[in-house]
Amino acid sequence: MCGITGAINLQAAEPVSEEMLRGMLALIQHRGPDEFGTYLDDWVGLGSARLSIIDLSGGQQPICNEDGSLWIVFNGEIFNYVELRPELEGLGHCFSTNSDTEVILHLYEEWGPDCLRFLNGQFAIAIWDMRHRRAFFARDRLGVRPLFYTIHAGRFYFGSEIKSLLLAPGFSPRISTSALRQVLTYWSVQPPQTIFEDIYELPPAHWLMVENGQVQIQRYWSLDYAVPEMDCTEDELQEEFEQLLVDAVNIRLR
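Here the residue numbering is sequential within each chain, running from 1 through the sequence in written order. The model is predicted, so local features are restricted to residues of pLDDT at least 70 and side-chain atom pairs to those at 80 or more, both for listing and for counting; the totals for chains, interfaces and linings are taken over all residues. For side-chain calculations, the full set of non-hydrogen atoms in the structure is used, while hydrogens and water are omitted.

S.K.: Just give me the short version of the side chain of Asn9, but keep the residues and values in it.
M.R.: Structurally, Asn9 is set in strand 1 (residues 3-9). In the analysis that follows, any N or O atom pair within 3.5 Å is treated as a polar contact, provided that within protein one partner can donate a hydrogen and the other can accept it, and provided that, for residues neighboring in sequence, both atoms belong to side chains. From its side chain, Asn9 meets the backbone oxygen of Glu14 in a polar contact 3.0 Å long. For this analysis, residues touch if any pair of their heavy atoms sits within 4.5 Å. In this structure, Asn9 is in contact with Glu14, Pro15, Val16, Asp42, Trp43, Gly154 and Arg155, ignoring residues within four places of it in sequence. Only DSSP runs of H or I reaching four residues or more are called helices, and only runs of E reaching two or more are called strands; each is numbered from the N terminus.

S.K.: Can you tell me about the environment of Arg174, naming the residues and giving the values?
M.R.: Note on placement: Arg174 falls in the loop between helix 4 (162-165) and helix 5 (177-186). Spatially, the C-alpha atom of Arg174 lies 48 Å from that of Glu87, the residues being 87 residues apart in sequence. Ignoring anything within four residues of it in the chain, the contact list for Arg174 reads Ile195, Phe196, Glu197 and Asp198.

S.K.: For a negative patch on the surface, give the residues involved together with the corresponding values.
M.R.: Like charges are joined within 9 Å and nonpolar side chains (Val, Leu, Ile, Met, Phe, Trp, Tyr) within 5 Å, but only among residues with over 30% relative accessible area and no salt bridge; these make up the patches. A 1.4 Å probe and the Shrake-Rupley method give the accessible areas. Residues count as covered only by the protein chains that appear here. By definition, a salt bridge exists where a carboxyl oxygen of Asp or Glu is found within 4 Å of a side-chain nitrogen of Lys or Arg. Two residue types count as positive, namely Lys and Arg, and two as negative, namely Asp and Glu; His and chain ends fall outside the count. Where a charge lies is defined by one atom per residue type, namely NZ (Lys), CZ (Arg), CG (Asp) and CD (Glu). Where like charges cluster on the molecular surface, the negative patch consists of Asp231, Glu234, Asp235, Glu236, Glu239, Glu240 and Glu242. Positionally, Glu236 belongs in helix 6 (residues 234-252).

S.K.: Residues and numbers for the nonpolar core, please.
M.R.: To qualify as a nonpolar core, a set must consist of buried Ala, Val, Leu, Ile, Met, Phe, Trp, Tyr and Cys residues joined through side-chain atoms within 4.5 Å. The cut-offs for exposure are 20% and 50% of the maximum accessible area for each residue type, with area from a 1.4 Å probe on protein chains only; residues under the lower value are buried, those over the upper are exposed, and the others partly exposed. Of all hydrophobic cores here, the largest spans 25 residues; its most connected members are Ile72, Leu116, Leu119, Phe123, Ile125, Ile127 and Phe136. Those elements that place two or more of their residues in this core are strand 5 (70-78), helix 2 (81-90), helix 3 (100-111), strand 6 (121-129), strand 7 (134-139) and strand 11 (206-211). The dominant element in this core, judged by the number of residues it contributes, is helix 3, at five residues. Apart from residues no more than four positions distant in its own chain, Leu119 is found in contact with Ile78, Asn80, Leu84, Ile104, Leu107, Ile125 and Arg141.

S.K.: Break down empty space enclosed by the protein for me, with residues and values.
M.R.: Grid points spaced at 1 Å over the protein atoms alone were grouped into cavities, where a 1.4 Å probe fits but cannot get out, and pockets, open sets with protein on both sides within 12 Å along at least five of seven lines, with lining residues defined by an atom within 4 Å of a point. Grid points are joined across faces, edges and corners, and a volume is the space filled by probe spheres set on the points. Scanning the entire structure with this criterion turns up two cavities of 30 Å³ or more. Considered as a void within the structure, the largest cavity measures approximately 120 Å³ in volume. If you go around the largest cavity, you meet 14 residues; those closest to its centre are Cys2, Leu51, Ile54, Gly76 and Asp100. If you list the elements that add at least two residues to the lining of the largest cavity, you get strand 5 and helix 3. Considering each element in turn, the lining of the largest cavity owes the most residues, four residues, to strand 5. Under this grouping Gly is polar, as are all residues other than the nonpolar Ala, Val, Leu, Ile, Met, Phe, Trp, Tyr, Cys and Pro and the charged Asp, Glu, Lys and Arg. Residue composition of the lining of the largest cavity, by class: five nonpolar, six polar and three charged. Every residue along the wall of the second largest cavity is listed here: Phe137, Leu147, Phe148, Tyr149, Phe156, Phe158, Leu202 and Leu208.

Printed below as a string of structure tokens:
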């Protein structure tokens, strides 16, 4: 399952403390009991609680690029990472692991937010660009993997579960009355709201950028409900559906 969490200073301030970051990780250790990993600099703290699935010995997170200017923590699985890696190597990218996590990092290095169009998988991604003091977050198209965030006292906090955000110094969670109305009406809270005021869920199929103290959110994919005109028989449609289903199962067996 894995879990990610961390904090980013929106302006020059005291660095994120390792004690707080490890406390945030401890609250989601059930998501990734195999390894804890952290990265800290003057502006950011990234944490990963890993459940080892791919590249058991070499996929420890956070992972950096060749020059250490980009760092990633990631929860999920990228099913087509095997096909993507040779293309990136052909563009000159060098890999230090065999993980799908590092494939995402080099895709972002090459394409920026547009890297998401290459990914077949389920994911919650956090990437720190140390050189530009920019943080990039993304969630998969259907929202299989969760990602929550809040801004408090000049910091942006994020995590796979809300509980890790509650360690933000001085933060006092309060129930959102509008979210409570949604629970009583729809039996759930609709993103980006959560049950707590000032804590938000990044909606499915959206990315989020933190830069120069500002937060930008953008949708990168929408489901097309239009019914296309098709010149094929019902048997041909059934055959195509079966092929897609078998392909989806096979690629997940990795």
